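Examination of the molecular architecture
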Amino acid sequence: MKKLMTIVLMACCSILSTQAQTIKKGDKFWDGRSLYTVQEVRMGTIVYMTTPQDNEMTLEKVGNKPGEYKIIPSRQADECPIRFAEWNWRVQYIRKDGMNFLAVRKPNGDTMWTMVLTPDNEANCEGQQETLEKANWEDVVTNTLLNTPYLMNIPREQLRLMRNEILARHGYTFRSKDLRDYFSKKWWYKPSTNNAAIKLNVIEQTNVELIKSEEAVEPGLHPADVAGDVDQSDFVE
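First things first, this report covers the structure right here in the doc.

The rules behind these values
In this numbering scheme, every chain counts its residues from 1 along its sequence in written order. Totals for whole chains, interfaces and linings use every residue, but because this is a predicted model, local features are given only for residues with pLDDT of at least 70 and side-chain atom pairs only at 80 or more, for both listing and counting. Side-chain measures were taken over the full set of non-hydrogen atoms in the model, leaving aside hydrogen atoms and water. Any Lys or Arg side-chain nitrogen found within 4 Å of a carboxyl oxygen on Asp or Glu counts as a salt bridge. Each helix is a run of H or I in the DSSP string that is no shorter than four residues. Each strand is a run of E no shorter than two, and both are numbered from the N terminus. Throughout, exposure labels follow a simple rule: accessible area from a 1.4 Å probe, protein chains only, divided by the maximum for the residue type, with under 20% read as buried, over 50% as exposed, and the rest as partly exposed.

**Here's the deal with the pattern of salt bridges**
- Per the stated rule, a full pass over the model turns up 14 salt bridges.
- Put simply, Asp-110 and Lys-212 hold a salt bridge, and the shortest N to O gap is 3.6 Å. A residue pair is termed long-range when its members are at least 10 positions apart, and Asp-110 in the loop between strand 7 (99-105) and strand 8 (111-117) and Lys-212 in helix 7 (residues 202-215) qualify at 102 residues.
- With a relative accessible area of 37%, Lys-212 lands in the partly exposed category.
- The salt bridge partner of Arg-160 is Asp-178, with a shortest N-O separation of 2.6 Å. With Arg-160 in helix 5 (residues 156-168) and Asp-178 in helix 6 (residues 177-184), the pair connects residues that are 18 residues apart, well separated along the chain.
- On the basis of relative accessible area, Asp-178 is assigned to the partly exposed category, the value being 43%.
- Through salt bridges with shared partners, a single ionic network connects Glu-40, Arg-42 and Arg-75.

Below is the structure:
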């Protein structure tokens, strides 16, 4: 676990001193599947990045809003490179609490994909991903920024527990009996009398949104789904 946290801190800590949330030439972003390197920033507003496999992604800065971008068609891209995303979806560059990452957001504002700023090469990033996938999810869900390729291979029922564990760690009081029963067996769970007072940090909030987004994937399109064994009504709270 200590090794995992060291890896995560290396990837997520502030590489540069606090400054405007601007993507620069040479920046590298790992999304859990591919390592994108920014090849150029045209006219200060168009960010063009590629992977070693020649995949492309192009972002356009939105007005004068710091850290605000949108996905636009690349030179040779026939479809959006982010799974289930669409052109012109918002991308926010988040530099907060030591975190440096891109958050691809759905129209409702929820993060559905993350890309972490990293100094590492592709081999090291793949090694970090493998370490994450081998870890106990209870050890990482509240203190490690997750990514969608990791979540894609987790059964929906476990995704629900992961998302609600983030809340349970803050003492969230659940309406669903199965969740109350499950977390009441955890020595650390102490139900709160005021759910509205619970505040999540940037890692926790992003992970909740990522997990919700993966749970919302149409039945049969989540890779860990078992055909004919998915009922979205089971994943409410």
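**Considering the environment of Lys-190**
- Note that Lys-190 resides in the loop between helix 6 and helix 7.
- Judged by relative accessible area, Lys-190 falls into the exposed class, the value being 57%.
- When the C-alpha atoms of Lys-190 and Tyr-172 are compared, they prove to be 8.2 Å apart, with 18 residues separating the residues in sequence.

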